[in-house]
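So you can see what is in the structure, the chains are spelled out below.
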Amino acid sequence: MTPQEIKNLFSTIEQDHELVAAQMGLLKRITTTVLDTEGRDYDQALESLHEIERFMAGKLLPHFQEEEDGLFQLFRDELPGGPRLVAELEAEHSELRTQHEQFRAELALLNYLDESRHPVLLHLCSMSWQMADLLAKHAEKERQAMNDCVKRLLATGTAAEPTKSHSEQAARCS
Ligand SMILES: [Fe+2]
Ligand SMILES: [Fe+2]
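All of these numbers come straight from a predicted model, not from anything done at the bench. (Residues numbered from 1 in each chain as written. Chains lettered and ligands numbered in written order. Predicted model: local features only at pLDDT ≥ 70, side-chain atom pairs only at ≥ 80, totals over all residues.)

Q: Before we go on, may I ask you to explain the overall build of the protein chain in this structure?
A: Along the backbone of the protein chain there are six helices and zero strands. N-terminal to C-terminal, the α/β element order of the protein chain is α-α-α-α-α-α. Considering only residue pairs separated by 6 or more positions, the protein chain has 73% of its internal contacts joining residues 24 or more positions apart. (Helix = DSSP H or I, 4+ residues; strand = E, 2+ residues; numbered from the N terminus. Contact = placed C-beta atoms within 7 Å.)

Q: Honestly, the nonpolar core in this entry has me stumped. Any pointers?
A: Proteins that are soluble and globular tend to have nonpolar side chains buried together. Membership of the largest hydrophobic core is limited to ten residues, which are Ile30, Val34, Ala45, Leu49, Ile52, Met56, Leu60, Phe103, Leu121 and Leu124. Counting residues per element, the ones that place at least two in this core are helix H1 (3–37), helix H2 (42–69) and helix H5 (117–156). Setting aside chain neighbours within four positions, we find isoleucine 52 in contact with Leu26, Ile30 and Ser128. Phe72, Phe75, Leu89 and Met146 belong to the second largest nonpolar core, which has nine residues in total. (Core = buried A, V, L, I, M, F, W, Y, C linked by C-beta atoms within 7 Å. Buried ≥ 20, exposed ≤ 12 C-beta atoms within 10 Å, placed from the backbone.)

Q: Sorry, what's going on with the confidence of the model for the protein chain here?
A: Detailed reading of the predicted model is not advised wherever pLDDT is low. Per-residue confidence for the protein chain gives a mean pLDDT of 81, with 87% of residues at or over 70. For the protein chain, per-element mean pLDDT is lowest for helix H6 (residues 161–173), which scores 40, and highest for helix H4 (residues 82–109), which scores 96. The low-confidence segment residues 160–174, where pLDDT is below 50, has one contact with residues more than four positions distant or belonging to other chains. (pLDDT = per-residue confidence, 0-100.)

Q: How should I be thinking about the packing of helix H3 (residues 71–78) against H4 in this particular structure?
A: Geometrically, a packed helix pair is captured by the angle between its two axes and the distance between the axes. Where H3 contacts H4, the two axes come as close as 7 Å, and the packing angle between them is 150°. If you check the angle between H3 and H4, you find them roughly antiparallel. In this structure, H3 contributes Phe72, Phe75, Arg76, Asp77 and Glu78 to the contact, and H4 contributes Gly82, Pro83, Leu85, Val86 and Leu89. (Axes fitted to C-alpha atoms, helices over the stretch in contact; angles between N-to-C directions. Parallel < 35°, antiparallel > 145°, perpendicular 65-115°, else oblique.)

Q: I tried to follow the environment of methionine 24 on my own but got confused; where do I start?
A: Mapped onto the fold, methionine 24 is located in helix H1. The spatial distance from the C-alpha of methionine 24 to the C-alpha of tryptophan 129 is 8.7 Å, given a sequence separation of 105 residues.

Structure (structure tokens):
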């Protein structure tokens, strides 16, 4: 693993923090709207729910894919118990993908409801909190694993490998 690759992996973890914070901001808005107005400001509540759905589809799910394509391989290779940890993280991605699908389906239901829509708004809000809770715990687990990885890489000097191979190449050429 090169220093650049490690840097890229750090930016994935930084994205985690930003995503958790962004989702919390959206949640505060939707919860206030749904609870304070008892659904009277329906358009604003609906817009906030759509924003959460767009956030998940546009930011969170691509982030999961990016992790599955890069970060998780590092965890598998570098951490004792890495494969088991990755299996847990993948299961959590899968759970959040399923919850997103359910959220999207229920959100679409609102198009067909009239007076009875407030309980659905409350339920969607509650689902949003559940997803945020799972996401925050998941991101914390990834942050901890990344810390462990970096400590191990630094201890073994793996990150310095490209430099070593360059000097070996140089030695062979001389
Ligand atoms: Fe993540
Ligand atoms: Fe993840």
